[in-house]
Amino acid sequence: LQERSRELVACWGNNDGDELRSRLPEVARATLAGVRVAVVHETGGKDRREERMRAAYPDTDLLVFGHSHIPWDTTASGLRLLNPGSPTDRRLQPNCTWMTCRLAEGAVHDVAVHRLPRAQAGASANRALPWVGRTRPTAIWPRVDFPAPLGPSRPNSSPAPTSSATPRSASVRP
């Protein structure tokens, strides 16, 4: 992923071994397009998450996190929290997911949760992923260097994520 990114902002996760932990921080930080970004794997339980994360990351505009594998998109007190879910392990979710967004002029735009069809999710999806057979990148996928959209958006017909978070955008790019 680092070779394919203009700038990779990544952290290690709870299942990552010494190899990744030696290369990645527990919390990665960068300012991208005027947005102060932090990437962390674990934020704790969903109860009062926004309040706890605002206190823990006071100088952050966007916090990208993982661990739960549940898509999440909320904003509280000026802090945007995004969890892309997981492209490989859907846990209790109806689909495996990943997320894109655009950072520009100090703001987060065009957040979209992308759902993989069940037939492509899990083990069959793993064959197409570049890290298969190597250390599982538990927290590399919450990356902030997203490619430009490939085409026009269309409304997403997939069900909303099952969390208390309210998605800001639910479009899928073809």
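Residues numbered from 1 in each chain as written. Predicted model: local features only at pLDDT ≥ 70, side-chain atom pairs only at ≥ 80, totals over all residues. Heavy atoms only, no water.

Novice: Would you take a moment to explain the pairing of strand S5 (residues 79-83) for this structure?
Specialist: For a regular strand, the rule is simple: side chains alternate between the two faces of the sheet. For S5, a buried count of 5 out of 5 residues is recorded, marking the element as mostly surrounded by other parts of the structure. Judged by which residues are buried, S5 turns out to be covered on both faces: Leu79, Leu81 and Asn83 on one side and Arg80 and Leu82 on the other are all buried. Pairing geometry for strand S3 (residues 62-65) and S5, over 3 bridges, is parallel. Paired with Leu62 across the strands is Arg80, a residue of S5. Judged from the 5 bridges that link them, strand S4 (residues 72-76) and S5 form a sheet pairing that is antiparallel. Each bridged residue has a counterpart across the sheet, and for Thr74 the counterpart in S5 is Leu81. Taking the residues that link successive antiparallel strands as the turn, the S4-S5 hairpin has 2 residues, and the phi of Ser77 there is positive, at about 50°. (Buried < 20%, exposed > 50% of the residue type's maximum accessible area, 1.4 Å probe, protein only. Helix = DSSP H or I, 4+ residues; strand = E, 2+ residues; numbered from the N terminus. Pairing = 2+ DSSP bridges.)

Novice: Sorry if this is basic, but what is going on with the nonpolar core here?
Specialist: Nonpolar side chains tend to gather and get buried jointly when the protein is soluble and globular. Core analysis: the largest hydrophobic core is formed by 17 residues, its most contacted members being Val37, Val39, Leu62, Leu103 and Val108. Among the elements of the structure, strand S1 (27-32), strand S2 (35-40), S3, strand S6 (97-104) and strand S7 (107-115) are those that each provide at least two residues to this core. Formed by 9 residues, the second largest nonpolar core is a distinct cluster that contains Ala38, Met53, Trp72 and Leu81. (Core = buried A, V, L, I, M, F, W, Y, C linked by side-chain atoms within 4.5 Å.)

Novice: Help me understand the pattern of salt bridges, please; the structure alone is not making it clear to me.
Specialist: Two side chains carrying opposite charge are able to pair once their charged atoms lie near each other. For the structure shown, the criterion picks out 6 salt bridges. Two residues, Arg23 and Glu19, come together in a salt bridge whose shortest N-O distance is 4.0 Å. Of this pair, Arg23 and Glu19 are both found in helix H1 (residues 18-23), 4 residues apart, which corresponds to roughly one turn of the helix. Accessibility expressed as a relative area gives 53% for Arg23, which makes it exposed. Given a relative accessible area of 51%, Glu19 falls into the exposed group. (Salt bridge = Lys/Arg side-chain N within 4 Å of Asp/Glu carboxyl O.)

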